[in-house]
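An overview of the molecular structure
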Amino acid sequence: DRLRTNIQPTTPAVEEQRPKYSGFRRGCVNLDVWLQNVSERAVKSSWWQLLIALFTFLLLFGSPVQFWVVPAAGDNVFDAFYLLGFVVFMVDIVFNAYADPGYLVCNPCSRHRKLHPNSVDNLGVASYNFWCDLISSVGFLWDISF
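Tallying secondary structure elements over the protein gives 7 helices and 2 strands in all. Reading the secondary structure of the protein in the N-to-C direction produces α-α-β-β-α-α-α-α-α. A burial count over the protein gives 29% of its 146 residues as buried. Within the protein, residue pairs in contact and separated by at least 24 positions form 60% of the contacts whose partners lie at least 6 positions apart. Split by element, the accessible area of the protein, about 10300 Å² in all, is 66% carbon and sulfur.

In structure tokens, the structure reads:
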């Protein structure tokens, strides 16, 4: 930031146009702007969406393929994929919680209620998408054999 101020003149008009990075609020807690930006970029990334799609495919069709096609010796490989899928889905939940202010909403948070007064999310602890993501993440744990 010091380089920027040395290169650009600092007039009151320029100072007002610069974004202020401290004190952003997402949901009910103060979050670091860097983590918000990383989360937003990760969630919108086509690579991340492809990874989520692959693990969703594994969640839906991995167990039948494992049962009908793969011999019992290959169960450890599938268990490793299921565990990795669980970790990726949990990281996705964290990224979405940082990137989307309506994803993980706590009831005492009045900011979300002001933005979305007729939302069903105001009745509970989190959004419908959060609960779907959490339940699908737990689905990976049921497929692990150890």
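This part covers the side chain of N96. As for its placement among the helices and strands, N96 is situated in helix α5 (residues 75–99). For N96, a relative accessible area of 13% translates into the label buried. Sequence-distant contacts of N96, that is, excluding residues within four places in its chain, are made with V43, Y103 and D133.

Once that is clear, we can look at the packing of helix α4 (residues 46–68) against helix α7 (residues 128–143). Close contact between α4 and α7 brings their axes to 10 Å; oriented N to C, the two are set at 40 degrees. One way to sum up the angle between α4 and α7 is to call them oblique. With respect to the hand of their crossing, α4 and α7 are arranged in left-handed fashion. Here F55, L58, L59 and S63 of α4 come into contact with α7, specifically with S136, G139, F140 and D143. Its residues assigned to classes, the contact of α4 with α7 comprises 4 nonpolar, 3 polar and 1 charged.

On to helix α3 (residues 33–44). End to end, α3 covers 17 Å across 12 residues, agreeing with the expected 16 Å (1.5 Å per residue, within 8%). Inspection of α3 places V33, Q36, S39 and A42 among the buried residues, and these make up the whole buried set.

Let us now look at the packing of aromatic side chains. Tallying each qualifying case throughout the model produces 9 aromatic pairs. Geometrically, the ring pair formed by F78 and Y82 is tilted, given 6.1 Å between the ring centres and 55 degrees between the ring planes. Here F78 and its partner Y82 are both found in helix α5, 4 residues apart, which amounts to about one turn of the helix. Neither residue differs from the other here; F78 and Y82 are each classed as buried. Aromatic ring contacts, followed pair by pair, group F55, F78, Y82, F89 and F140 into a single cluster.

Cut-off values and rules
Residues numbered from 1 in each chain as written. Predicted model: local features only at pLDDT ≥ 70, side-chain atom pairs only at ≥ 80, totals over all residues. Heavy atoms only, no water. Helix = DSSP H or I, 4+ residues; strand = E, 2+ residues; numbered from the N terminus. Buried < 20%, exposed > 50% of the residue type's maximum accessible area, 1.4 Å probe, protein only. Contact = heavy atoms within 4.5 Å. Areas by Shrake-Rupley, 256 points an atom, 1.4 Å probe, with all protein chains shown as cover. Axes fitted to C-alpha atoms, helices over the stretch in contact; angles between N-to-C directions. Parallel < 35°, antiparallel > 145°, perpendicular 65-115°, else oblique. Left-handed = near helix turned anticlockwise from the far one by under 90°. Nonpolar A, V, L, I, M, F, W, Y, C, P; charged D, E, K, R; others polar. Expected span 1.5 Å × (residues − 1). Phe/Tyr/Trp six-rings, centres within 6.5 Å; stacked < 30°, edge-to-face > 60°.

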